[in-house]
Amino acid sequence: MKTSWSSQMGLRHKFMILIILIFIPIFGLLFATGYSQVQQTKEDIEKDVRDLISQFIEEQKHLTLQTREFLKILTHVPAVKNLNISECNAFLQSLHKQTPQYSTLVAADAQGLIDCCAIPLTKTINVKDRNWFKRIKESRKFIVDTFIISRSAQKASLPLAYPVLDDEGNLKGAVGAAINLEYYNSLFKKSVIPKDSIILLTDHKGSILYQSSMCEGGVGKPISECYGFTLPSDTGDSAPFEVQGNDGISRVYWYEWFWIGQEHNLVCIVVGISKQIMFADIKNSIIRNIFLLVFVALISLIIAWFTWERLIRSPIDFLIYKTQQIKQGKWHFLDYENLSGELLVLSTAFDDMAKNLLKRERERDKALLDLKNELNEKRKTERELREKEERLNVLFRQAADPIFVSDLSGQLTKVNKAAIQATGYTEDELINMNVIDIDSDFNSPGSLENLFGSLIPGHQKTISSVHQRKDGTTYPVEITVTRIHTPDGPRVMGIARDITERKRMNEVMIQNEKMLSVGGLAAGMAHEINNPLAGIVQNADLLQNRLTDKNIVPNIKAAESLGTDMETISRFMEQRSIPRILYAIKDSGLRMAEIVENMLNFARKSDDSFSSHDPIVLMDKILELASADYDLKKHYDFRSISIEKEYASNLPMVSCESAKIQQVVLNILNNGAQAMFENRKNIQPKFILRLSHESADNMLRIEIEDNGPGMDADTAKRIFEPFFTTKPVGVGTGLGLSVSYFIITENHKGSINVISEPGEGAHFVIRLPIERN
């Protein structure tokens, strides 16, 4: 039973090494725990920093909206609106004491001169060169501009401004407020990040706009000059980075770029925390734990060294011997008097183990093989499911048509990118909405339930409907609806295709076919009518010249002298009205000739040549012609109509047929003038003529707007149809606007549309290509 090991001392040393090895994982666990604590601390601090950054950005947005309403109210204060300098200064200075978030409040006149300010001025400040004043003057809307050094407050500030308009909408001036960046101190003091942290706000060039640290004169300087680093590009990853500053302290910096106001107003908030402060507590804790573990390890080695012989070596020798016996097939159940507890149980287990070892090994091998096959099959199935799900998700996200998924009550549960772009809502907004919120054809849950209840799983149903965008506009859609099954239960998936362009093209195609058909008919009719009509007019003209009073009166006197009866005399007298009758015949013939000419213009291409014209000069000449023509021929004085001209500057030359454009504009002006005077109700008739350049499509935009009676939707839809007119019989031919339509669309490859409602006047929009195709 003596041990066959080489030496007792060698085994004891190995046992000591074993105990040491036992403590090595504990040390590893200690360091792993410390590392985990470090990572957790990093995550906690990063969360606190991110929360601070998010809170700051939200606070900035809230302050911007609050300032917008604040400035809007100021524009209605009489002292500010009328720029009463003494009252305005007193009011702003009193108000400034209650609004510490603003470094200054100002009111400027239309020339950019500031005499009214919350901070007393020694002289007038001129801000017409400031970008914020240029923008407010151009847009006449609330603006948020880039960070500046306020000329009145002499502080780094964010300028916000609101226009002051008179009753006619003209710019009288602007009110402005500059957000004091030092106001953010109160926000940052409430944060849970370490007190020695550095908080910075920079512009897009990296210049410091605000700092919580005491870098002397830091505001306005580059961040690299004060803190020894340059911010990563705003297009890169916003992961934190570590930098040793000019003061020799290593800090971890977090940052985030965001927009304030206009698009190029990019700023960055930066938060830096000292690494020494971040991990000081964890470092002390790890050191304490290491000393404690080393002490426990030394005590364990001492105890193991002195109890080795009796408690461990002899029982182990016996178990080794017994194991060798079992290995040789000698099934002797030997007992050892010093075995007890777990070692005795172990000795008994050796015997049971030997008897069942072969059986267990075979069962184990079979079980391992089955398990391996099952795991392989499961991995294959899971991989196929993941690949299938990923493909479906990619198809769902990248689908060109909007896709909406909802539960059976219509509550949206999933949408793709195209749905977000089509409706204008964010994904979070759509998920909180119901189908009836965006589909105007389903105005109640009941109508939606009827549709969903009729769906059969695996079958599609296509319906036409109208969707509503976030801005309130609507557009027609064709929706393919399917009922599907998901892990979350039954769902309804709708694929909505915008058919606005399809409907528009169908309407254009129908209109063009109608125009071509009527045009062919008009051409044939015009040529058939023209020749006999010319004969009628010429003969009427000839008879009118011959039948004069000189020919008729002598005949009447001759008849009286001869004693002709009264019937004969009456017949002679009737001849005196013959010239007037011939005049009526000729006038009707000439009117018919005008109708024939319009029909020919409608049916044929123009022979006029295109030439380059200045749009402003062309429009002014047309207005001169309109005034002269209408003043002589109509029952109203065209010069009594007010015409407002709104011409954009730097309009490009346009290639067009000037005579045809003149015909179109005069036709619209004639119709509008007649409608305004026939329905005049104590309102000054007025036209607004606008010229502008659509640079995206390189088109000249001509807008003609009147304040007449307007028209209903059915009339506006048919107004360009041939022979359609709202005028009494014998007054209108119904060809003027249809000819105008062909001149613009066919001759010039442009477009003409009308927008009108009853009582709201008519608004014609003509778009002409700048260059001829």
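What comes next is a walk through the structure. (Residues numbered from 1 in each chain as written. Predicted model: local features only at pLDDT ≥ 70, side-chain atom pairs only at ≥ 80, totals over all residues. Heavy atoms only, no water.)

## A closer look at the sheet that holds strand E15 (residues 460–468)
Move 1: One open sheet accounts for five strands, arranged E14-E13-E17-E16-E15; its pairing is antiparallel. Edge strands, defined here as strands with exactly one partner in the open sheet, are strand E14 (412–415) and E15. Looking at each pair of strands side by side, their axes are set apart by 30° on average, direction ignored.
Move 2: Where strand E13 (residues 403–406) lies against strand E17 (residues 489–498), four bridges are found, and the strand directions are antiparallel. Its bridge partner being in E17, Phe404 is matched across the sheet by Gly494. (Pairing = 2+ DSSP bridges. Helix = DSSP H or I, 4+ residues; strand = E, 2+ residues; numbered from the N terminus. Axes fitted to C-alpha atoms, helices over the stretch in contact; angles between N-to-C directions.)

## Some thoughts on helix H13 (residues 445–453)
Move 1: Of all the residues in H13, the buried ones are Leu448, Leu451 and Phe452. Relative to the axis of H13, the buried residues are bounded by an arc of 95° and lie together on one face. Residues of H13 that are exposed and angled more than 90 degrees away from the buried face: Glu449, Asn450 and Gly453. (Buried < 20%, exposed > 50% of the residue type's maximum accessible area, 1.4 Å probe, protein only. Arc of directions from axis to C-beta.)

## Here we look at the sheet that holds strand E12 (residues 266–274)
Move 1: In spatial order, the strands read E9-E8-E12-E11-E10; together these five strands make up an open sheet with antiparallel pairing. Among the strands making up the open sheet, the edge pair consists of strand E9 (208–211) and strand E10 (241–244). The mean inter-strand angle of the sheet, taken between neighbouring strand axes irrespective of direction, is 30°.
Move 2: Of the strand pairs in this sheet, E10 and strand E11 (residues 250–259) are connected by four bridges, and their pairing is antiparallel.

## So, a nonpolar patch on the surface
Move 1: Taken together, the side chains of Ile17, Leu18, Ile20, Leu21, Ile22, Ile24 and Ile26 present a nonpolar region at the surface, about 610 Å² in accessible area.
Move 2: With respect to the helices, strands and loops of the structure, Ile24 is situated in helix H1 (residues 8–74).
Move 3: Look at Ile24 and you get partly exposed, because its relative accessible area is 46%. (Patch = residues over 30% accessible without salt bridge, like charges linked within 9 Å, V, L, I, M, F, W, Y side chains within 5 Å. Areas by Shrake-Rupley, 256 points an atom, 1.4 Å probe, with all protein chains shown as cover. Salt bridge = Lys/Arg side-chain N within 4 Å of Asp/Glu carboxyl O.)

## Side note on the state of the cysteines
Move 1: In this structure the tally under the stated criterion is one disulfide.
Move 2: Put simply, Cys88 and Cys116 are joined by a disulfide, and their sulfur atoms are 1.8 Å apart. Linking Cys88 and Cys116, the disulfide has an S-S dihedral of approximately -85° and is accordingly described as left-handed. One end of the pair, Cys88, is in helix H3 (residues 85–96); the other, Cys116, is in strand E2 (residues 113–117), and 28 residues separate them in sequence. One exposure class covers both Cys88 and Cys116, and it is buried. (Disulfide = S-S within 2.5 Å.)

## Points about unusual backbone geometry
Move 1: Even without being glycine, Arg140 reaches a positive phi, approximately 55°.
Move 2: Note on placement: Arg140 falls in the loop between helix H4 (131–139) and strand E4 (143–144).
Move 3: A positive phi is found at Lys749, a non-glycine position, where the angle reads about 55°.
Move 4: Note that Lys749 resides in the loop between helix H21 (736–747) and strand E23 (751–756).

## Focus: the pattern of salt bridges
Move 1: The final tally for this structure, using the stated rule, is 17 salt bridges.
Move 2: A salt bridge links Glu242 to Lys275; its shortest N-O distance comes to 3.2 Å. With Glu242 in strand E10 and Lys275 in helix H7 (residues 275–278), this pair connects stretches of sequence that are 33 residues apart.
Move 3: A residue is classified by how much of its surface remains accessible, and Glu242, at 48% relative accessible area, is partly exposed.
Move 4: Among the ionic pairs, Arg701 bridges to Glu703, the shortest N-O distance being 3.0 Å.
Move 5: Taking the relative accessible area as the measure of exposure, Arg701 reaches 23% and is therefore partly exposed.
Move 6: On the accessibility criterion, Glu703 (10% relative accessible area) is buried.
Move 7: Several salt bridges converge on common partners, so that one network encompasses Glu646, Arg690, Glu694, Asp697, Arg701, Glu703, Glu705 and Arg767.

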